[in-house]
Amino acid sequence: MSTWDHGMTANTVGFELLKKGSPALDAVEKGVMEVESDPNVRTVGIGGYPDREGKVTLDACIMDGDGACGAVAFLQGIKNPISVARKVMQDTPHIMLVGNGAKQFALQNGFKEEELLTDASKNDYKEWLKTSNYKPLINIENHDTISTLAIDEKGKMAGACTTSGAAWKMHGRVGDSPIIGAGLFIDGEVGGACATGLGEEVIRTAGSAMVVEMMRNGKTPQEACKAIVQRIIDRQKNPHDVQVGFMAMDMNGQTGAYSVQKGFTYAVKNDTIEELTEARYQIK
Ligand code: GLY
């Protein structure tokens, strides 16, 4: 399963790999890479909205059910941060590399430097500069992260999460997406969860780890996503200004999703289903 409409693309690529017997880690990585590489997706990878200095900075993480994980944050000039995150996971003693260190590591490992600011992004940035008004637009600028959760034929789960972060963010801002436990969390005994939307609220609640803990304590994926959304709403003075969505799957493949308000879609694919669903939401 994957977040948002572009989750259909990630699911198509990922499911093809699962059907060939590939591990869930490959499926989630290659699935979200397809979206990172699409310049028309304006919230992930190349073509993503820049920060307020006109720089595209990317955040991503990947995790499997055994606790292996890797992440990169504030990475510039590399189109597929999810693959750099996987390399961090597999080839270093660390979990997260950021900024220039992450870029240096990527270049040393054969990743190519590319201009990630497309003409469309340059034009949008010029428009934004006219007012320089930072008030994230619900469901557009805060924020259509792609996250994918998958279970392979051996019954192993993995997840991936990748984003260009909030549009017009401060230079150096890192959201929830590369933070294990916030944007993504997997526990092979329970299941996995991931988040999209205003990253600061997801970090504040340790969102994805909390969803998995709630599932461990007996909630269904749907109930757990709803409970964490309610917790976020309860903290807000103006919940109408906030959009956050969660998506979760248990080890039986039972799925759930919930968001603060209308508009969060997620895609599910298995042998019998291929569908895009609008998540239930709390604020009507
Ligand atoms: N959830 C993406 C971000 O806030 O950066």
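Draft legend 1. Expanded view of the site of the ligand. Taken together, Thr-145, Gly-165, Ala-166, Arg-173, Gly-175, Asp-176, Ser-177, Gly-197 and Gly-199 are the residues near the ligand. For the ligand, a nitrogen atom lies 2.7 Å from a polar atom in the backbone of Gly-197. Within the backbone of Gly-199, one N or O atom sits 2.9 Å away from an oxygen atom of the ligand. For the ligand, the protein covers 100% of the area, taking 200 Å² as the surface of the free molecule. Grouping the amino acids of the shell around the ligand by side-chain chemistry returns one nonpolar, six polar and two charged.

Draft legend 2. Region of interest: a nonpolar patch on the surface. Where nonpolar side chains cluster on the molecular surface, the patch consists of Ile-95, Met-96 and Val-98 and spans about 250 Å² of accessible area. Overall, the relative accessible area of 44% leaves Ile-95 in the partly exposed class.

Draft legend 3. Region of the structure containing helix 4 (residues 99–108). For helix 4, the complete set of buried residues consists of Gly-99, Ala-102, Lys-103, Phe-105 and Ala-106. End-on view of helix 4: buried residues confined to an arc of 160 degrees, all on one side of the axis. For helix 4, the exposed residues lying more than 90 degrees away from the buried face are Asn-100 and Gln-108. Packed against the buried residues of helix 4 are strand 3 (69–75), helix 3 (81–91) and strand 4 (96–98).

Draft legend 4. Fine view of the side chain of Ser-121. Following the sequence through the fold, Ser-121 ends up in helix 5 (residues 119–131). From its side chain, Ser-121 meets the backbone oxygen of Gly-47 in a polar contact 3.1 Å long. The contacts of Ser-121, once residues within four sequence positions are left out, are Arg-42, Gly-47, Gly-48 and Pro-50.

Draft legend 5. Spotlight on the nonpolar core. Counting residues in hydrophobic clusters, the biggest one holds 31 residues, and the most contacted among them are Ile-62, Val-72, Ile-82 and Val-84. Elements with a minimum of two residues in this core: helix 1 (7–19), helix 2 (24–36), strand 2 (58–64), strand 3, helix 3, helix 4, strand 5 (146–151) and strand 6 (157–163). The dominant element in this core, judged by the number of residues it contributes, is helix 2, at seven residues. Every residue in contact with Val-84, bar those within four places of it in the chain, is listed here: Val-72, Leu-75, Ile-78, Ala-102, Phe-105, Ala-106 and Phe-111. Listed in part, the 23 residues of the second largest apolar core include Ala-195, Met-215, Phe-246 and Val-260.

Each value, and the rule that gives it
- Residues numbered from 1 in each chain as written.
- Predicted model: local features only at pLDDT ≥ 70, side-chain atom pairs only at ≥ 80, totals over all residues.
- Heavy atoms only, no water.
- Near = heavy atom within 4 Å.
- Polar contact = N/O pair within 3.5 Å; in protein donor to acceptor, adjacent residues only side chain to side chain.
- Areas by Shrake-Rupley, 256 points an atom, 1.4 Å probe, with all protein chains shown as cover.
- Nonpolar A, V, L, I, M, F, W, Y, C, P; charged D, E, K, R; others polar.
- Patch = residues over 30% accessible without salt bridge, like charges linked within 9 Å, V, L, I, M, F, W, Y side chains within 5 Å.
- Salt bridge = Lys/Arg side-chain N within 4 Å of Asp/Glu carboxyl O.
- Buried < 20%, exposed > 50% of the residue type's maximum accessible area, 1.4 Å probe, protein only.
- Helix = DSSP H or I, 4+ residues; strand = E, 2+ residues; numbered from the N terminus.
- Arc of directions from axis to C-beta.
- Contact = heavy atoms within 4.5 Å.
- Core = buried A, V, L, I, M, F, W, Y, C linked by side-chain atoms within 4.5 Å.

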